[in-house]
2 protein chains.
Amino acid sequence: QTVPRPARLGLCAACHGANGEATMPGAPNLAGQRLDYLRDALAQYRDGRRDVPVMRTAIGAVSAADLDALARWYSAQSPKQAQP
Amino acid sequence: QTVPRPARLGLCAACHGANGEATMPGAPNLAGQRLDYLRDALAQYRDGRRDVPVMRTAIGAVSAADLDALARWYSAQSPKQAQP
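Residues numbered from 1 in each chain as written. Chains lettered and ligands numbered in written order. Predicted model: local features only at pLDDT ≥ 70, side-chain atom pairs only at ≥ 80, totals over all residues. Heavy atoms only, no water.

1. Details of the confidence of the model for chain A
- Taken as a whole, chain A shows an average pLDDT of 92; of its residues, 94% reach a score of 70 or greater.
- Least confident of the elements in chain A is helix 3 (residues 53-60) of chain A, whose mean pLDDT is 93; most confident is helix 4 (residues 64-76) of chain A, at 97. (pLDDT = per-residue confidence, 0-100. Helix = DSSP H or I, 4+ residues; strand = E, 2+ residues; numbered from the N terminus.)

Right, dumping it as structure tokens:
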């Protein structure tokens, strides 16, 4: 059961990479992250418990369904061995 | 250059696993995460910008040096393919 490529992926890929390997310093890798954690983190960026303007702006206009599709996409990606 | 097993690893392993594969629902995988992101997240748990009591309690009594050793340890771990 592969996860379809989400419609809004481009929005996230700028910092997190399309495959969840972060390209922007300070942005987390998302590939293979726990889906429940991603959903929780996104909710916190959306309601401000995590006060990160770039994330609040990025996801502000994204529907709950599109946001969940993004979380499922990244959780399903295979993480690469990171360079420490 | 392998990262030595940190003295305080047991503290984190309960939720994040010794290898960074989270065992506790809602806790993030840490293996292979970007080191700059982990340091930033830990700083936010410590100063309350991320208001997560379990993390504030867990790292409250950990020295900055021990905390950084933990961040380096987890960043250096090889992430596993997650089950979506």
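Alright, that's what it looks like, and here's the rest.
2. With respect to the interface of chain B and chain A
- Contact with chain B, which involves 24 residues of that partner, is made by 24 residues of chain A.
- Together, the buried faces of chain B and chain A total about 2000 Å²; carbon and sulfur atoms form 46% of this surface.
- Our count for the contact surface shared by chain B and chain A stands at six residue pairs in polar contact (both at pLDDT 80 or more).
- Elements represented by at least two residues in the side of chain B that touches chain A include exactly helix 2 (35-47) and helix 4 (64-76) of chain B.
- Ranked by residues supplied to the side of chain B that touches chain A, first place goes to helix 2 of chain B with three residues.
- Counted by class, the side of chain B that touches chain A contains 11 nonpolar, eight polar and five charged residues. (Contact = heavy atoms within 4.5 Å. Buried area = accessible area lost by both parts, 1.4 Å probe. Polar contact = N/O pair within 3.5 Å; in protein donor to acceptor, adjacent residues only side chain to side chain. Nonpolar A, V, L, I, M, F, W, Y, C, P; charged D, E, K, R; others polar.)

3. Regarding the pattern of salt bridges
- Evaluation of the coordinates by the stated rule reveals 12 salt bridges over all chains.
- Ionic pairing is found between B:Asp68 and B:Arg39, a salt bridge with its closest N-O pair at 2.6 Å. With B:Asp68 in helix 4 and B:Arg39 in helix 2, this residue pair connects regions lying 29 residues apart in the sequence.
- Residue B:Asp68 is classed as partly exposed on the basis of its relative accessible area, which comes to 22%.
- B:Asp68 is the partner of B:Arg72 in a salt bridge, and the nearest nitrogen-oxygen pair spans 3.2 Å. Here B:Arg72 and its partner B:Asp68 are both found in helix 4, four residues apart, which amounts to about one turn of the helix.
- Beyond isolated ion pairs, a larger network of salt bridges with shared partners links A:Arg39, A:Asp68 and A:Arg72. (Salt bridge = Lys/Arg side-chain N within 4 Å of Asp/Glu carboxyl O. Buried < 20%, exposed > 50% of the residue type's maximum accessible area, 1.4 Å probe, protein only.)

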